[in-house]
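Results of the structural survey
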Amino acid sequence: ERQTLKSKVQILAGMIQSSKSCCVYTGAGISTSSGIGDYASKAKHSRAMQQMNKNARGKRTNRLELRPTYSHHVLSACERKGYVKHWLQQNHDRLSQKAGFPQAKLNEIHGAWQDKKNRVLMMDEELRPDLLQWMRHWEEHADLCIAMAID
């Protein structure tokens, strides 16, 4: 029902507005509509550093030319308004930065494309200790955590 959705959105908006330390936790689903595949579920030894991806129409595109989704832009706008204080993401795609989200508030826990200081991790590799500690800090201090597009 349209009215039910509207009511739920109003409740969520109120929760976000009253939060003092809201964080967002996102998975691969936030980027799939931009043309980036969900690599983790596709192949046992998949590495997300593929040079090319297929977009929604099946056309091959360079992953560095992909654009942020509406979700990336909404979360960036929420940060600019002071509502979102931290973003923990599992993606490697850097679309959050393209949407304007500040790097200083973004924990790319599994690494990022084109970032030599935070290389993309294989599924069996351990997380960076500093990023793990940062994640745990927000686990303890967030008064609201919004999980989006995760399995």
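The preceding data block contains the structure.
Note that this is a predicted model, so its numbers are computed, not measured. (Residues numbered from 1 in each chain as written. Predicted model: local features only at pLDDT ≥ 70, side-chain atom pairs only at ≥ 80, totals over all residues. Heavy atoms only, no water.)

What follows is about helix 2 (residues 70-80). Residues lying three or four places apart along an α-helix face the same way, a consequence of the helix completing one turn every 3.6 residues. For helix 2, the complete set of buried residues consists of H72, L75, S76, C78 and E79. The arc enclosing the buried residues of helix 2, seen along the axis, measures out at 160 degrees, which places them on a common side. Counted as exposed and oriented over 90 degrees from the buried face of helix 2: Y70 and R80. Elements that come into contact with the buried residues of helix 2 comprise strand 1 (22-26), strand 4 (84-89), helix 3 (95-98) and strand 6 (144-148). In the stretch just after helix 2, G82 is the one whose phi turns positive, near 90 degrees. (Buried < 20%, exposed > 50% of the residue type's maximum accessible area, 1.4 Å probe, protein only. Helix = DSSP H or I, 4+ residues; strand = E, 2+ residues; numbered from the N terminus. Arc of directions from axis to C-beta. Contact = heavy atoms within 4.5 Å.)

Glancing now at the nonpolar core. Counting 12 residues, the largest nonpolar core is built from I16, C22, V24, I30, L75, C78, V84, W87, F101, L106, L144 and I146. Breaking this core down by element, the ones donating at least two residues are strand 1, helix 2, strand 4 and strand 6. Beyond its immediate sequence surroundings of up to four residues, L144 is in contact with M15, I16, S19, S21, C22 and C23. If you look at the next biggest cluster of nonpolar residues, it comprises five residues, including I36, L66, W113 and V120. (Core = buried A, V, L, I, M, F, W, Y, C linked by side-chain atoms within 4.5 Å.)

The quantities given are spatial measurements derived from coordinates; they are silent on function.
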